[in-house]
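If you want the building blocks of each chain, they are given just below.
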Number of protein chains: 2
Amino acid sequence: MSSTRKNARNTRQLEVIWNVIKDDKSHPTADQIYDRVRKLIPKISLGTVYRNLQKLVADDRLQVLMHGRSQHFDPLLERHQHFICENCDRVYDIFFETPGAIDSATLPDQVFKVSSHQLALYGTCKNCSS
Amino acid sequence: MSSTRKNARNTRQLEVIWNVIKDDKSHPTADQIYDRVRKLIPKISLGTVYRNLQKLVADDRLQVLMHGRSQHFDPLLERHQHFICENCDRVYDIFFETPGAIDSATLPDQVFKVSSHQLALYGTCKNCSS
DNA sequence: TTATTTGCAAATTGTTTGCAACGGT
DNA sequence: ACCGTTGCAAACAATTTGCAAATAA
């Protein structure tokens, strides 16, 4: 499934999709990416966009963030958090140091093995507070 | 919309749905609640279950937690966090004190007003690690 | 009585999949 | 030439909605 995997091909579709998100900080949805890519490859299908996004995620070139019922894609791989505006649904990157304590499981019980965590902040963004 | 609102009615459907989740700690989905309620009211429709769950959420009697593409309902209202098993998708309540610092916005920029936050831990649960 | 709620079915939204044609390597 | 990838359309899953009949107050 990964493009680093044997027999993966470099298609124009994959390349254009990557170029369209690789520096994007707005956390677009598949649909928004589809709209942008269609300007460059008008006949591309939404299915192809989804398949290539999955591929980029499998290759660890993108992260996925669920918000509401849709997935948002994020090319920023370093550990970071998100602030989500409850008014406009925009997602912002937050470099907020989450306490190491979360990892070192001061958990109620040692029954769980924690492998990752995610902190999301909700509120109103600058754009919406004016 | 709220049942505390003027003209709200106490229907058998609402009462049964509430009884079925009010002490439940398993974070069921609407479908799972539907299955349980159907044993008591066989002719209830899924739409009615959804509408009553919305009502309970609007009335602050339930919290919603998104996981994957579905909403999970949680009658526990006190601030708490969740541990989600990546193997079986079960959701557990975690009483983990999140640092107050998260609220008092030591944020990169004062452009945001944070009104809430949510921390989710991912890993493997006891049931799945054996 | 009468406005809210229900059951049912159809509509919506976001995403995935089957398949024949296409195109990298 | 081989087999991964595409476009298209249909399938899906979770949730919402329109509407006439039912029912709580």
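Explain the pattern of salt bridges here, please?
Side chains carrying opposite charge are able to pair once their charged atoms draw close together. Residue and element names in this part refer to chain B. Enumeration over the complete set of coordinates arrives at six salt bridges over all chains. In this structure, the salt-bridge partner of arginine 36 is aspartate 24, at a minimum N-O distance of 2.7 Å. Within this pair, whereas arginine 36 is found in helix H2 (residues 30-38), its partner aspartate 24 is found in the loop between helix H1 (12-21) and H2, the two being separated by 12 residues in sequence. Given the relative accessible area of 15%, aspartate 24 is considered buried. The salt bridge involving aspartate 35 is made with arginine 38; its shortest N-O contact spans 2.8 Å.

I keep staring at the protein's contact with DNA strand C and nothing clicks. Help me out?
In the neighbourhood of DNA strand C, 23 residues make up the surrounding shell, with Arg9, Tyr50 and Gln71 of chain A together with Arg9 and Thr48 of chain B lying closest. Sugar plus phosphate: this is where 67% of the atoms of DNA strand C within 4 Å of the protein reside. Within the contact set of DNA strand C, a base oxygen lies 3.2 Å away from a side-chain nitrogen or oxygen of arginine 51 of chain A. At a separation of 3.4 Å, a phosphate oxygen of DNA strand C approaches a polar backbone atom of lysine 43 of chain B. For the surface near DNA strand C, the elements supplying multiple residues, two or more each, are helix H3 (46-58) and strand E2 (70-74) of chain A together with helix H3 (46-58) of chain B. With five residues, the single largest contributor to the surface near DNA strand C is H3 of chain A. Residue composition of the surface near DNA strand C, grouped by class: four nonpolar, 11 polar and eight charged.

Please explain the pairing of strand E3 (residues 81-85) of chain B as it appears in this structure.
Consecutive residues of a regular strand have side chains that alternate between opposite faces of the sheet. All names here are of chain B. Of all five residues in E3, five are buried, a share of seventy percent or more. Judged by which residues are buried, E3 turns out to be covered on both faces: Gln81, Phe83 and Cys85 on one side and His82 and Ile84 on the other are all buried. Relative to strand E4 (residues 91-94), E3 runs antiparallel, the two sharing four bridges. Across the sheet, phenylalanine 83 pairs through a bridge with tyrosine 92, a residue of E4. Connecting E3 to the next strand, E4, in antiparallel fashion are five residues, including aspartate 89 with a positive phi near 65 degrees. The sheet contact formed by E3 and strand E5 (residues 113-124) spans four bridges and is parallel. Across the sheet, the residue bridging to histidine 82 is alanine 120, located in E5.

Would you mind showing me how to read the side chain of glutamine 81 of chain B here?
Counting through the fold element by element, glutamine 81 of chain B comes out in strand E3. Here the side chain of glutamine 81 of chain B touches leucine 119 of chain B through a polar contact of 3.0 Å, landing on its backbone nitrogen.

How should the environment of leucine 77 of chain B be read in this particular structure?
Residue and element names in this part refer to chain B. Within the secondary structure, leucine 77 sits in the loop between strand E2 (70-74) and E3. Residues leucine 77 and aspartate 60, 17 residues apart in the sequence, show an inter-C-alpha distance of 7.9 Å. Setting aside chain neighbours within four positions, we find leucine 77 in contact with Asp60, Arg61, Leu62 and Gln63.

So what exactly am I meant to see when it comes to the domain arrangement of chain A here?
The figure often quoted for interface size is the accessible area lost as the parts come together. Residues and elements named next belong to chain A. Looking at the assigned domains, one finds that chain A contains domain 1 (3-74) and domain 2 (81-129). Taken together, the contact pairs seven residues of domain 1 with seven residues of domain 2. Here domain 1 packs against domain 2, burying approximately 610 Å² in sum over the two surfaces, 58% of which is carbon and sulfur. Summed over the three residues of domain 1 that lose the most area to domain 2, namely His27, Leu65 and His67, the buried surface amounts to 73% of that side. Across the contact surface, domain 1 and domain 2 share four residue pairs in polar contact (both at pLDDT 80 or more). Looking at the side of domain 1 that touches domain 2, the elements that each hand over two or more residues are strand E1 (63-67) and E2.

Parameters and conventions
Residues numbered from 1 in each chain as written. Chains lettered and ligands numbered in written order. Predicted model: local features only at pLDDT ≥ 70, side-chain atom pairs only at ≥ 80, totals over all residues. Heavy atoms only, no water. Salt bridge = Lys/Arg side-chain N within 4 Å of Asp/Glu carboxyl O. Helix = DSSP H or I, 4+ residues; strand = E, 2+ residues; numbered from the N terminus. Buried < 20%, exposed > 50% of the residue type's maximum accessible area, 1.4 Å probe, protein only. Near = heavy atom within 4 Å. Polar contact = N/O pair within 3.5 Å; in protein donor to acceptor, adjacent residues only side chain to side chain. Nonpolar A, V, L, I, M, F, W, Y, C, P; charged D, E, K, R; others polar. Pairing = 2+ DSSP bridges. Contact = heavy atoms within 4.5 Å. Domains from an automatic or database assignment. Buried area = accessible area lost by both parts, 1.4 Å probe.

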